[in-house]
Amino acid sequence: MNAPLTLSDATRARFDREVAKYPPEQKQSAVMACLSIVQQEQGHVSHAAEVAIADYLGMAPVAVQEVTTFYNMYNQKPVGQYKLNVCTNLPCQLRGGQDALEHVCQRLGVHKGETTADGAITVQESECLGACADAPVLLVNDRQMLSYMSHDKLDRLLDKLQGAAKKGA
Ligand code: FES
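Since the structure is predicted, the reported quantities are computational estimates derived from the model, not experimental observations.

Enquirer: Quick question: what am I supposed to make of the overall build of the protein chain here?
Expert: Within the protein chain one finds 7 helices and 4 strands. The N-to-C order of helical and strand elements in the protein chain reads α-α-α-α-β-α-α-β-β-β-α. Dimensions of the protein chain, computed from C-alpha atoms along their principal axes, come out at roughly 50 × 35 × 30 Å. For the protein chain, the residues scored as buried account for 29% of the 169 residues in total. Sequence-distant contacts in the protein chain: of pairs separated by 6 or more residues, those separated by 24 or more amount to 59%.

The following block contains the structure:
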């Protein structure tokens with residue numbers, strides 16, 4: 001098992017601000033915020049970071065890990081500059097979700113879960129994103145939802161992201 005990460009003073013200060021939003025006996029409610037802070041700072045949430053958060057919040061490490069693994073938005077390993085989550089849940093499956101995922105993987109020469117060799121784009125499949133009527137849908141970097149993603153739209157998106165990655169945007 002990895003040793004826990006040593007949290008910097010700046011990170012601890014950010015955690016403290018989140019914990020202050022809850023009564024002391026409920027400080028574990030800040031776990032998602034703490035995970036988000038670590039991911040913002042490090043790009044992913046390592047097991048060592050989970051242990052450090054657990055220690056900080058007085059939780060069992062496995063309870064933190066359950067949160068990390070439940071939500072798509074937490075990266076359990078380093079990801080590319082752009083992370084694409086293509087929904088392949090059943091309603092989207094019935095309207096081209098799997099086909100969209102396969103098209104993206106084929107265009108980029110990766111399997112799902114992998115990152116392109118230049119580190120630009122990671123492709124993942126996703127659970128329901130709450131926009132089933134707009135399938136195929138995907139989420140960019142956990143923030144931007146894109147709908148009705150035909151092969152043409154996917155190609156344009158990939159061209160744009162690859163161009164932006166080259167420019168370092
Ligand atoms: S099943 Fe894909 S958004 Fe709901």
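So, next bit.
Enquirer: Teacher, can you tell me more about the environment of His44 here?
Expert: Considering the arrangement of structural elements, one finds His44 in the loop between α2 (31–42) and α3 (47–57). Look past the residues within four positions of His44 in its chain and what remains in contact with it is Gln39, Asn75, Gln76, Lys77, Pro78 and Val79.

Enquirer: Quick question: what am I supposed to make of the domain arrangement of the protein chain here?
Expert: Interfaces are often sized by the accessible area lost when the parts come together. Each domain of the protein chain was delimited in the assignment, giving domain 1 (9–70) and domain 2 (82–167). Each of domain 1 and domain 2 was reduced to a C-alpha centroid, and the two centroids are 29 Å apart.

Enquirer: For this particular structure, what's the right way to read the packing of α2 against helix α4 (residues 61–70)?
Expert: Helix-helix packing: each pair is described by the crossing angle between the helix axes and the interaxial distance. Contact geometry of α2 with α4 gives a least axis separation of 11 Å together with a crossing angle of 70°. It follows from the interaxial angle that α2 and α4 lie roughly perpendicular. As for how α2 packs across α4, the hand of that crossing is right-handed. Side by side, α2 and α4 meet where Val31, Met32 and Leu35 of the first sit next to Val64, Val67 and Thr68 of the second. Here the contact of α2 with α4 is built from residues that sort into 5 nonpolar, 1 polar and no charged.

Enquirer: Quick question: what am I supposed to make of the nonpolar core here?
Expert: Here is a general trend for soluble globular proteins: nonpolar side chains tend to be buried in one another's company. Grouped together as the largest cluster of nonpolar side chains are 20 residues, with contacts concentrated most on Leu84, Val86, Cys87, Ala100, Val104, Val137 and Leu138. Mapped onto this core, the elements with two or more residues apiece are β1 (82–87), α6 (97–108), β2 (121–126), β3 (138–140) and α7 (151–167). In terms of nonpolar packing, the next biggest core, distinct from the first, is built from 15 residues, Phe15, Cys34, Val38 and Ile53 among them.

Rules of the game
Residues numbered from 1 in each chain as written. Predicted model: local features only at pLDDT ≥ 70, side-chain atom pairs only at ≥ 80, totals over all residues. Helix = DSSP H or I, 4+ residues; strand = E, 2+ residues; numbered from the N terminus. Buried ≥ 20, exposed ≤ 12 C-beta atoms within 10 Å, placed from the backbone. Contact = placed C-beta atoms within 7 Å. Domains from an automatic or database assignment. Axes fitted to C-alpha atoms, helices over the stretch in contact; angles between N-to-C directions. Parallel < 35°, antiparallel > 145°, perpendicular 65-115°, else oblique. Left-handed = near helix turned anticlockwise from the far one by under 90°. Nonpolar A, V, L, I, M, F, W, Y, C, P; charged D, E, K, R; others polar. Core = buried A, V, L, I, M, F, W, Y, C linked by C-beta atoms within 7 Å.

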